[in-house]
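Next come the chains, spelled out residue by residue.
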Amino acid sequence: MSPERETHTPGGAPLVDFRQPIVVPGAAAGPKMTDDLFREIRDFIYRLTGIYFQDSKKYLLEGRLGKRLQILGMADFAQYFQLLRYGNGRAEEMKSFYDAITINETFFFRSEPQCEAFEKTLVPEIVASRRTNGRSRLRVWSAASSSGEEAYSLAMIYLERLKPRFPALELEIVGTDISPTVLETARRGVYREYSVRNTPKPYMDRYFESADGRYAVREDVRRLARFEHVNLFDQRQMRQMMGFDIIFCCNVLIYFDMQSKIQVVSNLYDSLNKGGYLFIGYAESLHGISSAFKLINFPKTVAYKKE
Amino acid sequence: MGRLIMVVDDSATVRKFVAASLTMQGFTVVAACDGMDALEKLPSGTFDLVITDLNMPNMDGFEFIRSLRENPITRDVPVIILSSLGDLDSMARGRELGVQSYLMKPFSLEKIQYEVSKYISWAD
Amino acid sequence: MNDETRRNIATLITDEDSDERRHAAEDLASERGLAAIAALAAAIQDANKGVRDTACRSLLAIGGPEAARAVVEYVASREIVTRNLATDLLVKIGEPGVPALLPYLSDVNHDVRKSVVDVLGLIGPSVPVVPVRDLLADGDQNVVVSAVEALGNMRNPDAVAALEEAYARHAWARPAVAEALGKIAAPASAFFVRGRLAEALAGADVDPLALLGLLEAAGAVCGTDALPLIAGHYGALPSGLRGAALHAIVRIAVRYDSPLPPLAGVRETLVAMLADAGSEAASSAAAWLKTLDGEDVTAALAGAYGSSAELDAVLGPALRDRPDALSCMVSALEGDSGSGARAKAALLSQLVLARIRSIMRRGRSAGDEGLIPRGFEAIARAWDRADQDTRSSLIDAMFRLDGDRAVQFLDAVMEQPDPWLRMHVIEVIAAIADSRAPVYIARFLDDEDEMVRELADNLLRAKGFVADEP
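Residues numbered from 1 in each chain as written. Chains lettered and ligands numbered in written order. Predicted model: local features only at pLDDT ≥ 70, side-chain atom pairs only at ≥ 80, totals over all residues.

**Section: the overall build of chain B**
For chain B, the count of helices and strands is five helices and five strands. Counting from the amino terminus, helix and strand elements in chain B follow one another as β-α-β-α-β-α-β-α-β-α. Computed over the C-alpha atoms, the radius of gyration of chain B is 13 Å, within 12% of the 14 Å expected from 2.2 N^0.38 for a compact globule of 124 residues. Each principal axis of the C-alpha atoms in chain B carries an extent, and together these give about 35 × 30 × 25 Å. (Helix = DSSP H or I, 4+ residues; strand = E, 2+ residues; numbered from the N terminus. Rg over C-alpha atoms; globule rule 2.2 N^0.38 Å.)

Following this line, the structure appears as structure tokens:
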């Protein structure tokens, strides 16, 4: 075997010299968070949002909040934490803080089984149950809506499949999140290729305008949804969210611990009209969290009904 | 591909021994600890048979079977009740819900295998 | 009792609107008065599920012997829903409710006795053994079996002698008794278990479930003298029991730091045991398999990786030590379209890094050529399903496997909406000694996100490049 040092991978790309630690030139060596401070910040986040950072996720907080330290020119996390709790600029910094502690992964038409159930069963059933009292507005809540892809997907399904069947039916979608940046993105309604990769072609053609590798949701869709800042763990805010027919709360409960899940789900139950439905994420379960709902099976998905 | 059976019971001991009785015959078993757990696991496969207890937290056996019957996908799946409840009311309720067999606990391997064989044959 | 409490109780009992009753139940959670607790307990019979659910949560918040005393009578209800709610609550209230439960062990209704002993078993070690042990003499078989299970869950060695007697007396209780002895795991029962196991293994007409229970119990309590017994009969066991036998062998061997007996024909069973990813049996199977050579074993370990954290803790180090791990992991990732793909991709990245380090030290070896493109493909395909953490390690692996192709992949990466990931990509590119790096980093200078732009700018300055003036 050759004694000289290999300088390229078998694939031909130049190799990093692994005998040296990888130092990114120009970037400050990442500041470290002590375990005690991590626990304090974790509790702070938990009391505020219900989100629970396990020990194994300390590196994530270090990395993300470390970027805030750099930008603010702060020396250490203790100083940053001080700002969050007592500083003059805390309200402003909280926005970036929320951005840093949330994980936002979503795309259009993410859950086909849920879209199917929404279109084929839930909405027709709710409409049918209303024929007698004449209410014709369907209120849908996309909780933890992130950058809005889920909310707009539902709006598109409504325009494409439901409005033709039920011309008198109005739709109102509310998307909520705690991260200001994603709410901004949602309001703007402009997305990258990655977000639309799962969108069926008819929807791409009819409801998006594309230019320069960016996809803008058309006005008739955007009009159906509005986006607001709501913290699922804030009782006062949650009490304002009432009278919904369908709630989507997907892939966000995983960030809560058992206690906060129970509280959030109890609030979501209260937010629903009788006969309303709750959807949670594909791999998620309400087992041990709430037995207030009636569980309804659909092909490849489950919905929870408030009776 | 063998047959798929769902076993629902809140006792881990019962789940283990019933599942063992079935896997020894080549069946594939999915276990659930109560009706709610079972309904959440239903989308994971096409089940040829369901064996369920009655007394369970979160959702009892009757509510679970009712849900099965209300769902077009599982309306006709054969159901065996496996319970210590031997009262006539419970048996009548089971019949109303279209339950094919009502097995009394304590069960034995032979009883389980015999009852199951009425609905699905041994896997290859 | 203040007015508000009075109002809430009245609402809970009489209001026609279920949402109102539910709110009343919620508000009563902070009460400690007996009237409030009694009203909540009665509300577990409410017609509405949401009200029942809230009443239970409130009772649980109150807890203690008062809540238990208010609920315990409902274990005898004729309604199955009410009975189940009551028993579930009592399990959760736990030890403070035990005194209220004990009198029901002599209820005339055998279903009630059974439910109550089940509850006590789930409450566990703090429950007094004697009243439960006495039920081993109950006239109803299900009560006896429940008492056996409960004694197992209570883990109290004082029950061992009575359980051994029950094994002798009741054939229909043997599987449960064997399991209970295994859970209690009292050294005193080792002789009994070994004796019954020997009988069962040699016997012609044995209950397979009892044998299963005995194998498990042996794994928990027996000494190394049981190893040749089990190993000797392994070949004659029905296939459904072989896994339990091997699991028992591993447990005993680990407990006494004893070598595994040489046994032929175990691979297939061990590989099958891996399928039940979270189980102890799977961990035992992994521990045994890692002592065996062969690419088929490596393939099985790689295939099982990613479904359970406990199992991965054993599989990961085992795979890292095996020579054919990288190729097996590539195949495993190619074949995984489920949730295990993430962890597989992350481990694959680590294996790639290790391989490249070894190439640097010792030079290329045969088989490396085809592996790189396949590895790259597998990782690129895993990209979609990967979460953010995994994507970071996927990027690392991609660049180290094939920097040129990775750079092409970069276009897809730049489309990632997540700014944190784009920043990570920039950092990885910057760390690579490639003359094209500044060009790629410069593409991020007009990124939408301020943090990303700043990072790109900082890195370019550090490398001695300044962004073009417009």
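**Regarding the overall build of chain C**
Scanning chain C from terminus to terminus reveals 28 helices and zero strands. The C-alpha radius of gyration computed for chain C amounts to 31 Å, which surpasses the reference 23 Å derived for 470 residues by more than 25%, pointing to a less compact arrangement than a globule. Taking the principal axes of the C-alpha coordinates as reference, chain C spans close to 90 × 75 × 30 Å. Buried positions account for 50% of the 470 residues belonging to chain C. Long-range contacts, defined here as pairs at least 24 residues apart, represent 66% of the contacts in chain C between residues at least 6 apart. (Buried ≥ 20, exposed ≤ 12 C-beta atoms within 10 Å, placed from the backbone. Contact = placed C-beta atoms within 7 Å.)

**Some details on the sheet that holds strand 9 (residues 294-298) of chain A**
Residue and element names in this part refer to chain A. Spatially, seven strands are ordered 6-2-1-7-8-10-9 in an open sheet, and the strand pairing comes out mixed. Two strands lie at the open edges of the sheet, namely strand 6 (225-229) and strand 9, each paired on one side alone. Sheet twist, expressed as the average angle between the axes of neighbouring strands with direction ignored, equals 25°. Relative to strand 6, strand 2 (residues 170-177) is paired through five bridges, and the arrangement is parallel. Within strand 6, the residue paired with T176 across the bridge is E228. (Pairing = 2+ DSSP bridges. Axes fitted to C-alpha atoms, helices over the stretch in contact; angles between N-to-C directions.)

**Details of the interface of chain B and chain C**
Of the residues lining the interface, 19 residues belong to chain B; the matching set on chain C comes to 22 residues. At five residues, helix 1 (residues 12-23) of chain B tops the list of elements feeding residues into the side of chain B that touches chain C. Among the residues making up the side of chain B that touches chain C, the classes are represented as 10 nonpolar, seven polar and two charged. (Nonpolar A, V, L, I, M, F, W, Y, C, P; charged D, E, K, R; others polar.)

**Here we look at the pairing of strand 4 (residues 79-83) of chain B**
All names here are of chain B. Most of strand 4 sits out of view: five of its five residues are buried. Side chains of strand 4 alternate between two faces, with V79, I81 and S83 and I80 and L82 buried alike. Two elements, strand 3 (residues 49-52) and strand 4, share three bridges in a ladder whose sense is parallel. Each bridged residue has a counterpart across the sheet, and for I51 the counterpart in strand 4 is I80. The β-α-β motif built from strand 3, the intervening helix 3 (residues 61-70) and the parallel element strand 4 has right-handed crossover chirality. Relative to strand 5 (residues 101-104), strand 4 is paired through four bridges, and the arrangement is parallel. (Right-handed = clockwise from strand over helix to strand, strands pointing away.)

**Some thoughts on the environment of E179(C)**
One can find E179(C) in helix 12 (residues 174-184). Residue E179(C) is classed as buried on the basis of its 25 C-beta neighbours within 10 Å. The spatial distance from the C-alpha of E179(C) to the C-alpha of E149(C) is 8.0 Å, given a sequence separation of 30 residues. Those residues in contact with E179(C), other than ones at most four positions away along the chain, are T13(B), G152(C), G213(C), E216(C) and A217(C).

**Structural notes on the environment of S30(C)**
With respect to the helices and strands, S30(C) occurs in the loop between helix 2 (18-27) and helix 3 (34-42). Note: C-alpha distance between S30(C) and T5(C) (25 residues apart in sequence) is 9.9 Å.

**A few points about the confidence of the model for chain C**
Here chain C shows a mean pLDDT of 89. Residues at 70 or above account for 95%. Of the two predicted TM-score estimates for the complex, the pTM is 0.87 and the ipTM is 0.94. (pLDDT = per-residue confidence, 0-100.)

**Thoughts on the sheet that holds strand 1 (residues 4-8) of chain B**
Residue and element names in this part refer to chain B. Spatial strand order, 2-1-3-4-5: five strands in an open sheet with parallel pairing. Strands with a single pairing partner mark the edges of an open sheet, and in this sheet they are strand 2 (28-32) and strand 5. The sheet shows a mean angle of 20° between the axes of neighbouring strands, taken without regard to direction. Pairing between strand 1 and strand 2: five bridges, direction parallel. Among the inter-strand pairings, L4 is bridged to a residue of strand 2, identified as T28. Helix 3 rests against strand 1, strand 3 and strand 4 of the sheet, and its axis sits at about 160° to strand 3.

**Comments concerning the domain arrangement of chain C**
Residues and elements named next belong to chain C. Taken domain by domain, chain C comprises domain 1 (1-93), domain 2 (323-406) and domain 3 (416-470). On the side of domain 3, eight residues touch domain 2, which itself brings seven residues to the contact. At six residues, helix 24 (residues 388-401) tops the list of elements feeding residues into the side of domain 2 that touches domain 3. Looking at the side of domain 2 that touches domain 3 residue by residue, the classes come out as two nonpolar, three polar and two charged. (Domains from an automatic or database assignment.)

**Overview of helix 13 (residues 190-202) of chain C**
Its 13 residues give helix 13 of chain C an end-to-end C-alpha distance of 18 Å, which sits within 8% of 18 Å, the value for a rise of 1.5 Å per residue. Among the structural elements, helix 11 (160-169), helix 12, helix 14 (208-221) and helix 15 (226-233) of chain C are those in contact with the buried residues of helix 13 of chain C. (Expected span 1.5 Å × (residues − 1).)

**What about unusual backbone geometry?**
Following K105(B), the chain continues to P106(B) via a peptide bond in cis, the omega torsion being -5°. Its location among the elements puts P106(B) in the loop between strand 5 and helix 5 (109-117). Of note, the phi angle at F109(A) is positive, near 50°, even though the residue is not glycine. Structurally, F109(A) can be placed in the loop between helix 4 (90-101) and helix 5 (112-128). In this structure F109(A) comes out as buried when scored by C-beta crowding, with 20 C-beta atoms within 10 Å.

**Let's talk about the packing of helix 26 (residues 419-431) of chain C against helix 28 (residues 450-463) of chain C**
If you want to describe how two helices pack, look at the angle between their axes and the distance between the axes. Residues and elements named next belong to chain C. The N-to-C vectors of helix 26 and helix 28 enclose an angle of 10°; their axes lie 9 Å apart at closest approach. On the basis of the axis angle, helix 26 is roughly parallel to helix 28. The segment helix 26 lies against helix 28, with P419, R422, M423, I426 and A430 engaging M451, V452, L455, A456 and L459. Taken together, the residues that form the contact of helix 26 with helix 28 break down as nine nonpolar, no polar and one charged. (Parallel < 35°, antiparallel > 145°, perpendicular 65-115°, else oblique.)

**Quick notes on helix 11 of chain C**
All names here are of chain C. The complete set of buried residues in helix 11 reads V160, A162, L163, A166 and Y167. Seen end-on, helix 11 carries its buried residues on one side only, within an arc spanning 160°. On its buried face, helix 11 is in contact with helix 9 (129-134), helix 10 (141-154), helix 12 and helix 13. (Arc of directions from axis to C-beta.)

**Some points on the environment of V217(A)**
Along the polypeptide, V217(A) turns up in strand 5 (residues 214-217). Remark: the alpha-carbon pair of V217(A) and S153(A), spanning 64 residues in sequence, is separated by 9.9 Å.

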